[in-house]
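Here is what each chain is made of, one letter per residue.
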Amino acid sequence: MKRIITILAIFALIFAFGANMVLAAEKKPKEYKLSFITGLSGPLAAAAQTQKLAIELLVEQYNAKGGLNMPWGKIPIKLSIADDEMKLDVGVRRFREAVESGANGVSGSIYNPMSAALNEETKITGTPYMPGCVPALDAFKKGNPAPAFMSVAFTPWSIGYLTADALVNGLGKKTFFWQIRPDSWGTVTLQGFEDGIKEFGGKILGVEQLPKGAPDYSAVINKALAAKPDVFITNMFGGDAVACLKQAYDMGLHKTSMLVNSWTTYEVAMGIPAEVAEQMYALTYYYWNMGSFSPDLADRGKALREDHIKKYGFPPDAYAVLAYTAVDVLMQATEKAGSVDGKKVGEVLQTATFNTVKGDASFREDHQLQGKYLAFFVKGKAASKKMNKYDVFEVIGAYGGDKALPPLKMLGY
């Protein structure tokens, strides 16, 4: 009997040792599996494609140096890319598939509501998730963010609030007409704008809603023509913004009102009539030609800018840089943690400072990035001043610090 017990004990020790060896191997992988999930089909596909290209470049840059610098040695990054089709159920399914295939980290998303859905998945799995878009506000309310869910961009509230600041305090405008999407992107941006108007002054003459992919904006534009606001603001993004601004120009709205895209990329400006693009004001996450605005920022973005142009023949757009920054910060956090464990990476994300193309930055208590340069206010550039066809904007201002973010009290902290 004692012999049987001894044999069983030995087998138990062998099993435990083997299990520990497997666990150790799992914690010290020979490669880092990165999953990038975004809307490569749908109305925002063009912007999603810029994200994809930037992440492929970032992975090449890291792997050219041997990969991530981990305590057990250099490990290359293995990238997988999936299309969420801008559908929440598809995005959740893609996330689960990535986790099941052993993903150590996930990034992506071009569609604002998707980020909130994947935050819930992160709570369940613990897999770090860094969205490559402007996430939904609710994901940052107290108790909502998963430990390893962080955003290098703020929420739509900040876009609305800073748009009010820029137009009222910066340009002296007083009356406004808004066209928004009836989802968390549009409604929360409007909330931020209304909060800004209460603080800075001004009047909203009208608000109209149209869904993503709307084919016709004429009814909204006719109402704006009748209201004659100082500023017509479209909250649409990507191809939707191009469609709206083109129709606004065709119907003559630019003759009575300044046209503003509350959140844009250079690709949008390239897609609308040049006469409108040269007059358009907007907020953006980043602009590739920072030389005249900030030599320091231009220097910080030099490797990304030059490598992107060398690889693809054109500079990175705003959402390319947003996605690039999200994954770069995740990789920095993984190296600082010395582990691929989601809990340890999350702890580093919550406490460390990270080097980004927009300057040094850290995450606030609500998991939103805080830094000196969070958004840039741009104006369309005249043809005579353009370096090339991609040089469509002039950076005329920047926002950062707590002013760019909603008060923590508003989020329940």
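Refer to the structure printed above.
Here the structure is a predicted model, which is why all the values come from computation and not from measurement. (Residues numbered from 1 in each chain as written. Predicted model: local features only at pLDDT ≥ 70, side-chain atom pairs only at ≥ 80, totals over all residues. Heavy atoms only, no water.)

## Quick look at the sheet that holds strand S5 (residues 105-108)
1) Next: Read across the open sheet, the 4 strands follow the order S4-S1-S5-S6; overall the sheet is parallel. In the strand order of this sheet, the two ends are held by strand S4 (77-83) and strand S6 (129-131), each with one partner. Adjacent strand axes in the sheet meet at a mean angle of 20 degrees when their direction is disregarded.
2) Next: Relative to S6, S5 runs parallel, the two sharing 3 bridges. Across the sheet, Ser 107 pairs through a bridge with Met 130, a residue of S6.
3) Next: Of the strands in this sheet, strand S1 (32-38), S4, S5 and S6 are in contact with helix H13 (residues 318-337), which crosses S1 at around 155 degrees. (Pairing = 2+ DSSP bridges. Helix = DSSP H or I, 4+ residues; strand = E, 2+ residues; numbered from the N terminus. Axes fitted to C-alpha atoms, helices over the stretch in contact; angles between N-to-C directions. Contact = heavy atoms within 4.5 Å.)

## Digging into helix H6 (residues 184-200)
1) Next: For H6, with 17 residues, the first-to-last C-alpha span of 24 Å sits near the 24 Å given by 1.5 Å per residue.
2) Next: Residues of H6 that are buried: Trp 185, Gly 186, Val 188, Thr 189, Leu 190, Gly 192, Phe 193, Gly 196, Ile 197 and Phe 200.
3) Next: Just past H6, the residue Gly 201 takes up positive phi, approximately 100 degrees. (Expected span 1.5 Å × (residues − 1). Buried < 20%, exposed > 50% of the residue type's maximum accessible area, 1.4 Å probe, protein only.)

## A closer look at the pattern of salt bridges
1) Next: Tallied over the entire structure, the rule returns 16 salt bridges.
2) Next: Residue Lys 403 is joined to Asp 165 by a salt bridge in which the shortest nitrogen-to-oxygen separation is 2.7 Å. Of this pair, Lys 403 sits in the segment after strand S16 (393-399) while Asp 165 sits in helix H5 (residues 156-170); the two residues are 238 residues apart in sequence, bridging distant segments of the chain.
3) Next: Arg 364 is the partner of Asp 402 in a salt bridge, and the nearest nitrogen-oxygen pair spans 3.8 Å. With Asp 402 in the segment after S16 and Arg 364 in the loop between strand S13 (359-363) and strand S14 (369-371), this pair connects stretches of sequence that are 38 residues apart.
4) Next: Looking at Asp 402, the relative accessible area reads 53%, which means it is exposed.
5) Next: Where salt bridges share partners, they join Glu 85, Lys 87, Arg 94 and Glu 97 into one cluster. (Salt bridge = Lys/Arg side-chain N within 4 Å of Asp/Glu carboxyl O.)

## Observations concerning unusual backbone geometry
1) Next: Look at Met 86: it is not a glycine, yet its phi comes out positive at around 55 degrees.
2) Next: The topology assignment puts Met 86 in the loop between S4 and helix H3 (88-100).
3) Next: The backbone of His 367 shows a phi angle near 75 degrees, a positive value even though the residue is not glycine.
4) Next: With respect to the helices, strands and loops of the structure, His 367 is situated in the loop between S13 and S14.

It is worth stressing that arrangement in space is one thing and function is another; only the former is reported here.
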